[in-house]
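Per-entry structural report
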Amino acid sequence: MEDTVKLIFEGKTYELPIVTGSEGEKAIDISNLRPMTGLITLDPGYANTGSCTSSITFMDGEKGILRYRGIPVEQLAEHSSFLETVYLLINGRLPTKAELNNMSVLFNDNSLVHEDMQIFYQNFPRASHPMGILSSMVNALRSFYPELQTLEEEINITVTRLLSKVRTMAAMSYKISRGHKVVYPRPDLKYCANFLNMMFDTPVKPYRIDEDLVRALDVFWILHADHEQNCSTSAVRLVGSGRVNLYAAISAGIAALWGPLHGGANQAVIEMLSDIQKDGGNYRRAIERAKDKKDPFRLMGFGHRVYKAYDPRARIMKKMCDKVLFKLKINDPLLDIAKELEEAALKDDYFTEYNLYPNIDFYSGIVLRAMGIPTNMFTVMFAIGRLPGWIAQWKESLDDPKWKLGRPRQIYIGPTQTDYIPIDQR
Ligand code: ACO
């Protein structure tokens, strides 16, 4: 017998179908609720709302599971590369050797950024946040790379351009912000090594590629590659639902990711640790403030909307963090504060009762800092990693026969009809 849910409203009973996902997740299908009953649902923050069906990423917040196209993220972090994960997310399966090589070649062919775009970069005020610059520049790409002939071409070529150029653009914005000469992508280097070289190579000190750091970046990007319908991905889908071009949809995703409650948390973690350091390393005070309901302060890098047990990405990132710190023999007082804060919060009843555990941002901020990435670039690093997820979700939405223009409703609680009062009578 087909599962349904009965809804009784104003003496009438309505049956609503249940949709079951491949992992047994169940949802009430309310797509006919309003025509049938005149009711809508109210769900602030969409915490109980599924906006689509998707076959890209599965996560179970209670069990701490994250899989891309069915493959556990732990296996990808151990065996895969970011490029292979990009292919997996966008195409739905792992590539063959030839397909992966072909993708690498295409990425190299599309890695340069139009020289005229440098003028834009140079004219942003020095203090501009790189996320604002990246979001604007990705949107501007449409003007430099106009619409292609067919939708298929548009999808394949635009996707390749975006994935390859974003990395160049991110490194370029860093170099220009420092007043340094831009370093061009090198065809002999792979995706991650190429990025690090573009970031850190200088005419006076050539960058020496360290395979452990390259691997750390590979894993960092694999772990950020998709996370189903989070804030920025939902922004990409919603903006994309107006059938806007991909650059504009991704630009919206970058803007959404910028916020400190979302992707901006990795930067916020380091800023919080610096504040604790300025406060004489008093991490206990930070914990007390986070527990004080009258104080808006939260421990950055703790808690997650979906993971209520442990963020599986955080576990992998923590290991990577220890490896990088050991390898680089880094002695950084902020990292000591981070360790003490983590230990104390994990033992504190407030954090255990609220299921607040360190999330990936807590450790990724530390790894990026150790790698020499400037703090204001952290969220840009997240954005590069999340790009394949945004693209895969946007592509899936294009093919979804049930896809509609995104347009939530509301329950109006403002004044009822009120007559206009002429200005001289107010
Ligand atoms: N420190 C202290 N208290 C917290 C924290 C925190 N980091 N996170 C949540 N809480 C408390 C809240 O005060 C609230 O308490 P109350 O119910 O007594 O009012 C309760 O836990 C639930 O908080 P919500 O904000 O409703 O929970 P939600 O699931 O919506 O929040 C979020 C998730 C936004 C990530 C939150 O935990 C937070 O602000 N964390 C800090 C920022 C952060 O690290 N963001 C990165 C998220 S991961 C990512 O986007 C990659």
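None of these values were measured; they are calculated from a predicted model.

The next subject is the sheet that holds strand β5 (residues 65–68). Backbone hydrogen bonds are what pair the strands of a sheet, in a parallel or an antiparallel way. Ordered by their spatial adjacency, three strands build an open sheet running β4-β5-β6, and the pairing between neighbours is antiparallel. Lying at the two open borders of the sheet, with one neighbouring strand each, are β4 (57–60) and β6 (71–72).

A few words on the side chain of threonine 233. Along the chain, threonine 233 falls in helix α10 (residues 231–240). In this structure, threonine 233 is in contact with Glu228, Arg386, Trp390 and Gln393, ignoring residues within four places of it in sequence.

Applying the stated criterion to the full structure yields 14 aromatic pairs. Centroid distance tyrosine 191 to tryptophan 221: 5.7 Å. Interplanar angle 75 degrees. Geometry classified as edge-to-face. Within this pair, whereas tyrosine 191 is found in helix α8 (residues 191–200), its partner tryptophan 221 is found in helix α9 (residues 211–224), the two being separated by 30 residues in sequence. Each member of the pair tyrosine 191 and tryptophan 221 is classed as buried. Aromatic pair phenylalanine 302 and phenylalanine 351: ring centres 5.8 Å apart, planes at 65 degrees, arrangement edge-to-face. With a gap of 49 residues between them, phenylalanine 302 in the loop between α13 (283–291) and α14 (312–328) and phenylalanine 351 in helix α16 (residues 349–353) connect regions that are remote in the sequence.

Here we come to the pattern of salt bridges. Per the counting criterion, the structure on display carries 16 salt bridges. Here aspartate 3 makes a salt bridge to lysine 26, at a shortest N to O gap of 3.7 Å. Highlighted residues: aspartate 3 in the segment before β1 (4–9) and lysine 26 in strand β3 (residues 26–28), separated in sequence by 23 residues. Looking at aspartate 3, the relative accessible area reads 41%, which means it is partly exposed. A salt bridge links lysine 318 to glutamate 342, with the shortest nitrogen-to-oxygen separation between them at 3.4 Å.

With 122 residues, the main nonpolar core has Phe195, Trp221, Ile250, Leu299 and Ile373 as its most contacted residues. There are two domains that each give this core at least three residues, and those are domain 2 (69–261 + 387–399) and domain 3 (265–371). Once residues lying within four places of it in the same chain are set aside, the contact partners of leucine 299 are Met272, Ala286, Ile287, Ala290, Leu341, Ala345 and Phe351.

Right, let's get into the site of the ligand. Around the ligand lies a shell of 20 residues, among which Arg298, Leu299, Gly301, Tyr350 and Tyr354 are the nearest. In this structure, an oxygen atom belonging to the ligand sits 3.1 Å away from a side-chain N or O atom of histidine 262. One of the backbone nitrogen or oxygen atoms of glycine 301 is found 2.9 Å away from an oxygen atom of the ligand. Taken together, the residues that form the shell around the ligand break down as ten nonpolar, five polar and five charged.

Glancing now at the domain arrangement of the protein chain. Once the domains are mapped, the protein chain shows domain 1 (4–65), domain 2 (69–261 + 387–399) and domain 3 (265–371). Once you take the C-alpha centre of each, domain 1 and domain 3 turn out to be 35 Å apart. Between domain 1 and domain 3 the total buried area reaches about 540 Å² when both faces are included, carbon and sulfur atoms providing 61% of it. Considering only the surface of domain 1 that becomes buried against domain 3, Met59, Gly61 and Gly64 emerge as the three largest contributors, covering 65% of it. Inspection of the domain 1/domain 3 interface yields zero salt bridges.

Now for the pairing of β4. Remember that side chains alternate between the two faces of the sheet whenever the strand is regular. The two faces of β4 match: Thr57 and Met59 on one face and Phe58 and Asp60 on the other face are all buried. Where β4 hands over to β5, the hairpin turn is made up of four residues, of which glycine 64 adopts a positive phi near 70 degrees.

Any residue range with low pLDDT should be treated as having predicted coordinates unsuitable for detailed reading. Scored by pLDDT, the protein chain comes out at a mean of 92, with 100% of its residues at no less than 70. When pLDDT is averaged over each helix and strand of the protein chain, the minimum, 85, is found for helix α5 (residues 117–123) and the maximum, 98, for β6.

Here the focus is helix α6 (residues 130–144). If you check α6, its first and last C-alpha atoms are 20 Å apart, about what 15 residues at 1.5 Å a residue would give, namely 21 Å. With eleven of 15 residues buried, α6 lies mostly within the body of the structure. If you check which residues of α6 are buried, you get Pro130, Met131, Gly132, Ile133, Leu134, Ser135, Met137, Val138, Ala140, Leu141 and Arg142. Contacts from the buried residues of α6 go to α5, α7 (151–177), α11 (246–257) and α18 (378–399).

Definitions and cut-offs
Residues numbered from 1 in each chain as written. Predicted model: local features only at pLDDT ≥ 70, side-chain atom pairs only at ≥ 80, totals over all residues. Heavy atoms only, no water. Pairing = 2+ DSSP bridges. Helix = DSSP H or I, 4+ residues; strand = E, 2+ residues; numbered from the N terminus. Contact = heavy atoms within 4.5 Å. Phe/Tyr/Trp six-rings, centres within 6.5 Å; stacked < 30°, edge-to-face > 60°. Buried < 20%, exposed > 50% of the residue type's maximum accessible area, 1.4 Å probe, protein only. Salt bridge = Lys/Arg side-chain N within 4 Å of Asp/Glu carboxyl O. Core = buried A, V, L, I, M, F, W, Y, C linked by side-chain atoms within 4.5 Å. Domains from an automatic or database assignment. Near = heavy atom within 4 Å. Polar contact = N/O pair within 3.5 Å; in protein donor to acceptor, adjacent residues only side chain to side chain. Nonpolar A, V, L, I, M, F, W, Y, C, P; charged D, E, K, R; others polar. Buried area = accessible area lost by both parts, 1.4 Å probe. pLDDT = per-residue confidence, 0-100. Expected span 1.5 Å × (residues − 1).

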